[in-house]
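# Structural overview
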Amino acid sequence: MNFLANVARSKGDPKIVSSGPSVRTPADRMARALGWFSIGLGTVELLAARRLTRALGMRGREGLIRVFGVREIMAGVMSLSVDKQAGLKSRIAGDGLDILALLAALRFDNPRKGNVVLALLMVGAVTMLDVRSAQDLAVQHDPKRGRRRLYPDRSGFPKGIAMAKGAARRLPSRAAAS
Amino acid sequence: MRALVWHGKEDIRCDTVTDPEIEHERDAIIKVTSCAICGSDLHLFHNFIPAMMPGDIMGHETMGEVVEVGGGVNGALKKGERIVVPFTIICGECDQCRRGNFSVCETTNRNKALAEKIFGHTTAGLFGYTHITGGYPGGQAEYLRVPYADRTHIKIPAGMTDEQALFLSDILPTGWQAAVQCDIEPTDSVAVWGCGPVGQMSIRSALLLGARQVIAIDRIPERLSMAEAGGAITIDFDKESVVERLNALTDHKGPDKCIDATGMESHVNMAQPATLLDRAKQMFMLESDRPHVLREIIYVCRPGGVISIPGVYSGFSDKIPMGALMNKGLTVRTGQTHVNRWTDELVRRIEEGQIDPSFVITHRVALEQGPEMYRVFRDKQDSCVKVVLKP
């Protein structure tokens with residue numbers, strides 16, 4: 001990466017010798033990982049809906065899987081954006097929908113109910129990651145962190161507001177001309 | 001040397017980099033004594049400004065001591081002199097520079113072709129910003145190469161402290177230009193959206209220029225308190241309707257002059273669905289800016305009034321009410337700041353004690369803490385309004 005970054009510099013520009021630690025936290029990295037996972041899963045749901053419904057004994061629900069795919073991709077894009085928290089919250093809501101859909105498929109007459117149970121376990125695990133990550137980000141971005149104070153004494157006018165008011169008032173151009 | 005380097009979205013690191021070198025005879029090298037994080041650095045932090053590249057050194061609010069000068073500086077600068085570096089790099093010779101339009105200098109952008117493709121014409125080279133404006137290394141570092149240094153500098157008078165002088169690089173002239181281009185008259189109500197550092201400077205500038213009343217709009221208590229300290233009437237848009245309150249304060253005529261010190265990252269508010277839509281569009285790259293404040297200004301500004309936009313917009317904004325803008329006969333003035341057009345006057349005003357821009361500083365930290373301070377500033381934690389870094 002440093003090599004590529006340095007290629008774009010001109011001769012006299014500083015080049016990276018060694019990099020310091022990234023300001024990205026583990027919670028940021030987890031959100032990014034979940035975002036990419038979401039986009040990957042959504043793409044699979046969109047493009048291979050028939051295979052998925054066959055594997056889960058949910059034939060005839062291909063449309064629903066594709067809609068879920070679009071939802072996953074959108075949540076993934078949000079999780080990769082600056083508003084990671086909104087992305088993770090939408091993922092958690094989506095996890096709930098996934099669980100409801102899978103529970104509906106967990107019928108005695110479903111020959112693939114073993115796969116459904118496996119899918120439920122996977123969704124459960126990912127939901128826990130989503131919730132944990134959302135909680136960590138909420139703490140990290142909380143504007144209440146640190147000392148709260150007001151600045152009622154910071155006028156910026158050493159001689160006071162009354163002296164400052166209009167001190168730089170410009171003469172109207174006509175007056176200035178005369 | 002150490003420098004704050006952009007590695008990607010929300011990824012700024014304090015790296016070790018090679019020292020800058022004199023590249024052209026009009027260059028100078030300064031040892032940075034103070035630099036600051038600007039609100040527009042956050043647009044880069046969020047990767048909302050296109051054409052940043054990993055390895056770009058951040059920072060365009062910088063000052064320091066001259067340690068090396070090229071042969072073409074011709075005595076305009078000498079080793080040991082203290083200077084503030086304006087964020088716009090200027091040649092001082094082109095047609096635009098001669099007109100005082102320094103932020104659209106025709107010479108200094110070393111990626112002119114890219115700027116012409118995107119903007120239609122080139123604009124000035126800027127420090128620590130996108131490659132569209134030249135990709136020049138910025139000043140959040142121990143040393144800075146200043147191109148066209150014989151013109152791109154502001155000399156600091158003896159007796160003026162770093163903290164009094166530093167903001168001549170950007171936010172003070174930016175707030176000043178925003179107010180000046182409002183053509184303020186003694187009967188005017190001036191409304192300022194956004195009480196970040198540029199908003200604070202705009203408020204003080206409008207007051208100095210003699211506005212009848214200055215109204216400041218934000219939602220962060222510490223920023224509102226700072227605005228009030230500077231003589232503004234404040235509106236907390238989380239608690240009251242901006243339009244209703246502005247109308248009430250102006251005898252239902254609307255503010256005569258409006259300043260958008262917010263720019264492309266307007267606050268997203270659940271109570272205002274348009275802001276949610278803007279954010280969604282921005283996320284999916286269907287719109288580059290969130291122009292909620294601009295829409296509100298056009299709606300509430302008094303017919304015949306002036307809208308001044310110092311806030312940074314990067315590309316495309318949707319649903320701008322052109323009908324209201326046209327029918328109300330509003331004048332829009334904007335632009336990156338022509339820093340050197342204003343600095344002689346502002347240096348004098350600081351020396352005379354009319355204004356001391358250091359009031360805005362809330363955090364002073366070492367350069368190594370810079371990456372973390374980007375987060376603190378972005379999330380408005382610890383009542384942060386302005387961060388100064390000491391390399």
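Residues numbered from 1 in each chain as written. Chains lettered and ligands numbered in written order. Predicted model: local features only at pLDDT ≥ 70, side-chain atom pairs only at ≥ 80, totals over all residues. Heavy atoms only, no water.

Considering the arrangement of structural elements, one finds B:Q96 in helix α2 (residues 95-99). Setting aside anything within four residues of it in sequence, one finds B:Q96 in contact with B:N101, B:F102, B:V104, B:C105 and B:E106. (Helix = DSSP H or I, 4+ residues; strand = E, 2+ residues; numbered from the N terminus. Contact = heavy atoms within 4.5 Å.)

Turning our eyes to something else, we now look at the pairing of strand β12 (residues 213-218) of chain B. All names here are of chain B. Within β12, six of the six residues are buried, leaving the element largely enclosed by the surrounding structure. Of the two faces of β12, both are covered, the one formed by Q213, I215 and I217 as well as the one formed by V214, A216 and D218. With five bridges joining them, strand β11 (residues 189-193) and β12 adopt parallel strand pairing. The partner of V190 across the bridge, within β12, is V214. Of the strand pairs in this sheet, β12 and strand β13 (residues 233-236) are connected by four bridges, and their pairing is parallel. When the bridges of β13 are listed, I215 appears paired with I233. (Buried < 20%, exposed > 50% of the residue type's maximum accessible area, 1.4 Å probe, protein only. Pairing = 2+ DSSP bridges.)

Next up on the list: the sheet that holds strand β2 (residues 11-17) of chain B. Taken in spatial order, the four strands make up an open sheet running β1(A)-β2(B)-β1(B)-β4(B), and their pairing is antiparallel. The strands lining the two open edges of the sheet, one partner per strand, are β1 (16-18) of chain A together with β4 (56-57) of chain B. Relative to β4(B), strand β1 (residues 2-8) of chain B runs antiparallel, the two being bridged by two bridges. Considered in β4(B), the bridge of B:V5 is made with B:I57.

Contacts between chain A and chain B engage 58 residues on the former and 71 residues on the latter. Of the roughly 5200 Å² buried where chain A meets chain B, counting both sides, 52% is carbon and sulfur surface. Interface area lost by chain A to chain B is led by A:V23, A:Y151 and A:R154, which between them contribute 13%. Scanning the region where chain A abuts chain B turns up eight salt bridges. For A:D83, the salt bridge identified is with B:R279, shortest N-O distance 2.3 Å. (Buried area = accessible area lost by both parts, 1.4 Å probe. Salt bridge = Lys/Arg side-chain N within 4 Å of Asp/Glu carboxyl O.)

Take the pattern of salt bridges next. Using the criterion set out here, one finds 40 salt bridges over all chains in the structure. Salt-bridge contacts for A:K84 lead to A:D28; the nearest nitrogen and oxygen are separated by 3.7 Å. In this pair, A:K84 is assigned in helix α5 (residues 84-105) and A:D28 in helix α2 (residues 26-47), connecting sequence segments 56 residues apart. A:D28 matches A:K84 in its accessibility class, with the two residues each being buried. Salt bridges linked by common partners bring A:D28, A:K84, B:E10, B:R375, B:R378 and B:D379 together as one network.

The full count for this structure, using the stated rule, is one aromatic pair over all chains. The ring centre of A:F68 lies 4.7 Å from the NZ or CZ of A:R71, which sits over that ring. A cation over a ring is seen here: B:R110 above B:Y136, with NZ or CZ 4.4 Å from the ring centre. (Phe/Tyr/Trp six-rings, centres within 6.5 Å; stacked < 30°, edge-to-face > 60°. Lys NZ or Arg CZ within 6 Å of the ring centre and 35° of its normal.)

On to the sheet that holds β12(B). All names here are of chain B. If you walk across this open sheet you meet the six strands as β13-β12-β11-β14-β15-β16, and the pairing is parallel. Both outer strands of the open sheet, β13 and β16 (331-334), are each paired with one neighbouring strand and no more. Between one strand axis and the next, the sheet turns by 20° as a mean value, whatever way the strands run. As paired elements, strand β15 (residues 306-309) and β16 share four bridges and run parallel to each other. (Axes fitted to C-alpha atoms, helices over the stretch in contact; angles between N-to-C directions.)

Before going further, it helps to spend a moment on the nonpolar core. Residues and elements named next belong to chain B. Counting residues in each nonpolar core, the largest one holds 103 residues, and the members touching the most others are F167 and L168. Counting residues domain by domain, this core receives three or more from each of domain 1 (2-170 + 337-390) and domain 2 (172-334). Contact partners of F167, with chain neighbours within four places excluded, come to A36, E61, L172, P173, M201, P357, S358, V360, I361, K386 and V388. In terms of nonpolar packing, the next biggest core, distinct from the first, is built from 18 residues, W193, V242, V293 and C301 among them. (Core = buried A, V, L, I, M, F, W, Y, C linked by side-chain atoms within 4.5 Å. Domains from an automatic or database assignment.)

Further remarks concern a positive patch on the surface. Residues and elements named next belong to chain A. Together, R50, R51, R54, R59, R66 and R112 make up a positively charged patch on the protein surface. Per element, the largest residue contribution to the positive patch is three residues, and it comes from helix α3 (residues 49-56). Counting through the fold element by element, R51 comes out in helix α3. (Patch = residues over 30% accessible without salt bridge, like charges linked within 9 Å, V, L, I, M, F, W, Y side chains within 5 Å. Areas by Shrake-Rupley, 256 points an atom, 1.4 Å probe, with all protein chains shown as cover. Lys, Arg positive; Asp, Glu negative; His and termini not counted. Charge placed at Lys NZ, Arg CZ, Asp CG, Glu CD.)

This paragraph deals with the confidence of the model for chain A. If pLDDT is low for a region, its predicted coordinates should not be looked at in detail. All names here are of chain A. Scored by pLDDT, chain A has a mean of 90; 90% of the residues are at 70 or more. Here helix α8 (residues 173-177) is the element of chain A with the lowest mean pLDDT, 42, and α2 is the one with the highest, 97. Across residues 173-178, confidence stays below pLDDT 50; counting only partners more than four residues off in sequence or on other chains, it has one contact. (pLDDT = per-residue confidence, 0-100.)

With that settled, the discussion passes to helix α12 (residues 339-351) of chain B. All names here are of chain B. The terminal C-alpha atoms of α12 lie 18 Å apart, and with 13 residues this matches the ideal 18 Å at 1.5 Å per residue to within 8%. At E345, α12 shows its maximal kink, close to 30°. Those residues of α12 not exposed but buried are V339, N340, W342, T343, L346, V347, R349 and I350. Of the surrounding secondary structure, the elements contacted by the buried residues of α12 are β7 (88-89), β10 (154-155), α4 (162-165) and α5 (171-180). Where α12 ends, the next residue or the one after it, G353, has phi of about 80°, a positive value. (Expected span 1.5 Å × (residues − 1). Bend = angle between axes of the 7 residues up to and from the residue.)

Frequently, the measure chosen for interface size is the accessible area that the parts lose on association. Residue and element names in this part refer to chain B. Each assigned domain of chain B is listed with its residue range as follows: domain 1 (2-170 + 337-390) and domain 2 (172-334). Its C-alpha centre places domain 1 at a distance of 26 Å from the equivalent point of domain 2. The interface is formed by 31 residues belonging to domain 1 together with 22 residues belonging to domain 2. When domain 1 packs against domain 2, close to 2500 Å² is buried across both sides, 71% of that on carbon and sulfur atoms. There are zero salt bridges connecting domain 1 and domain 2. Applying the counting criterion to the domain 1 and domain 2 interface returns nine residue pairs in polar contact (both at pLDDT 80 or more). Of all the secondary-structure elements, those providing two or more residues to the side of domain 1 that touches domain 2 are α1 (39-45) and α12. When residues in the side of domain 1 that touches domain 2 are grouped by element, the largest group, six residues, is from α12. (Polar contact = N/O pair within 3.5 Å; in protein donor to acceptor, adjacent residues only side chain to side chain.)

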